[in-house]
Amino acid sequence: KARESSDRVVGLDGDTEISTFSITLAEKFPESFVECFIAEQNMVGVATGLACRRKIAFASTFAAFLIRGADQIRIAGVSGSNIKLVGSHSGVNIGEDGQVKWLFKISPSSELYQTELFDSSDGVAAEKAVELAANYNNGPVFIRTARPDVPMLFKKINTSKLEKDTFRNSAKLIKSSENDKLIVVAAAVTTHEAVKAWAKLKDEGKHSMT
């Protein structure tokens, strides 16, 4: 299905494809996958070059490792390159694959210059982020993904009927009631903690929207 939709999509990975699941692309469409090994600077550079050739280049690795290519990421932003970066194991959550891949924070004012940021809270949001990124042509995109196995917050998407901006630049109301007194705002994996807070407040007779 991916091959029928576009021959322009290329996946790159920094020797983490089993954990980032880019191995799915590598196995199904090997001609559209580039193994960059543990050389994140080179991976971002290759992705930038492919984007210059009108390829839709997705470069993935653990978010903590992307900092190694910080200068290349910054230059990609300055030049308006349409690269798509995917950093897994990002944010405040437990790193199941070892401490070296834990917490990562990247500054939108420096490395992520002129970069669109998508931070997904579940598998459905992550899927939509990939679709939005593939169709975004105004500079780099950085998709942050998390490692924990979290429950779905949103229903499965019918992408053929969903407007492209449904998940972009808009807040989603997950829980609410007619007697709300508080608003709990969260993003990414912390959204699941916000839902837990909503349930606890509800048990205490305090109504809130999340």
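This text goes with the structure placed above it.
Model, not experiment: these values are computed from the prediction.

Our next topic: the overall build of the protein. Of regular secondary structure, the protein possesses eight helices and eight strands. Of all 210 residues assigned to the protein, the portion counted as buried reaches 42%. Sequence-distant contacts in the protein: of pairs separated by 6 or more residues, those separated by 24 or more amount to 75%. Split by element, the accessible area of the protein, about 12100 Å² in all, is 54% carbon and sulfur.

Let us now look at the packing of aromatic side chains. A complete count under the given rule lists one aromatic pair for this structure. Against the face of Phe65 rests Arg68, its NZ or CZ located 4.3 Å from the ring centre.

Attention now goes to helix H6 (residues 70-78). For H6, the complete set of buried residues consists of Ala70, Ile73, Ala76 and Gly77. Here the buried residues of H6 occupy an arc of 125° about the axis, which is enough to place them on one side. Looking one or two residues past H6, Gly80 carries a phi angle of roughly 70°, positive in sign.

Another point: helix H7 (residues 123-134). Its twelve residues give H7 an end-to-end C-alpha distance of 17 Å, which sits within 8% of 16 Å, the value for a rise of 1.5 Å per residue. Its buried side turned inward, H7 meets strand S3 (56-62), strand S4 (84-88), strand S5 (116-119) and strand S6 (141-144). If you check the start of H7, you find a side-chain oxygen 3.2 Å away from the backbone N of Val124, and it comes from Asp122.

Taken in spatial order, the six strands of this open sheet run S2-S1-S3-S4-S6-S5, and their pairing is parallel. The outermost strands of the open sheet, each flanked by one partner alone, are strand S2 (33-35) and S5. On average, each strand axis in the sheet is inclined to that of its neighbour by 20°, with strand direction left out of account. Two strands pair when backbone bridges link them, and strand S1 (residues 9-13) and S3 are joined in this way by five bridges, in the parallel orientation. Bridge assignment links Asp13 to a residue of S3, and that residue is Ser60. Contacts from helix H4 (residues 40-52) reach S1, S3 and S4 within the one sheet, and its direction differs from that of S3 by about 165°.

Cut-offs applied
Starting from 1, residues in each chain are numbered consecutively following that chain's sequence as written. Given that this is a predicted model, residues contribute local features only at a pLDDT of at least 70 and side-chain atom pairs are listed and counted only at 80 or more, while totals for whole chains, interfaces and linings are drawn from all residues. To get the side-chain values, take all heavy atoms of the structure and skip hydrogens and water. Each helix is a run of H or I in the DSSP string that is no shorter than four residues. Each strand is a run of E no shorter than two, and both are numbered from the N terminus. For every residue, the accessible area obtained with a 1.4 Å probe (protein chains only) is divided by the maximum for its type, and the residue is called buried under 20%, exposed over 50%, and partly exposed between those limits. We call two residues in contact whenever any of their non-hydrogen atoms come within 4.5 Å of each other. Here the Shrake-Rupley method, with its probe set to 1.4 Å, supplies the accessible areas, and only the displayed protein chains count as covering residues. Pairing of aromatic side chains requires ring centres within 6.5 Å, counting the rings of Phe and Tyr and the six-membered ring of Trp. Pairs whose planes differ by under 30 degrees are stacked, by over 60 edge-to-face, and all others tilted. In this analysis the charged atom, NZ for Lys or CZ for Arg, is taken to sit over a ring once it is within 6 Å of the ring centre and within 35 degrees of the ring normal. By arc we mean the arc of the directions from the helix axis to the C-beta atoms, nothing more. Here, expected helix span is obtained from the residue count minus one, scaled by 1.5 Å. For the purposes of these results, a polar contact is taken to be a pair of N or O atoms within 3.5 Å, where, inside protein, one atom must be able to donate a hydrogen and its partner to accept one; residues adjacent in sequence count only when each atom of the pair is a side-chain atom. Between any two strands, at least two bridges found by DSSP are needed for them to pair. Orientation is described by axes fitted as lines to C-alpha atoms, over the contacting stretch for helices, and by angles from 0 to 180 degrees between their N-to-C directions.

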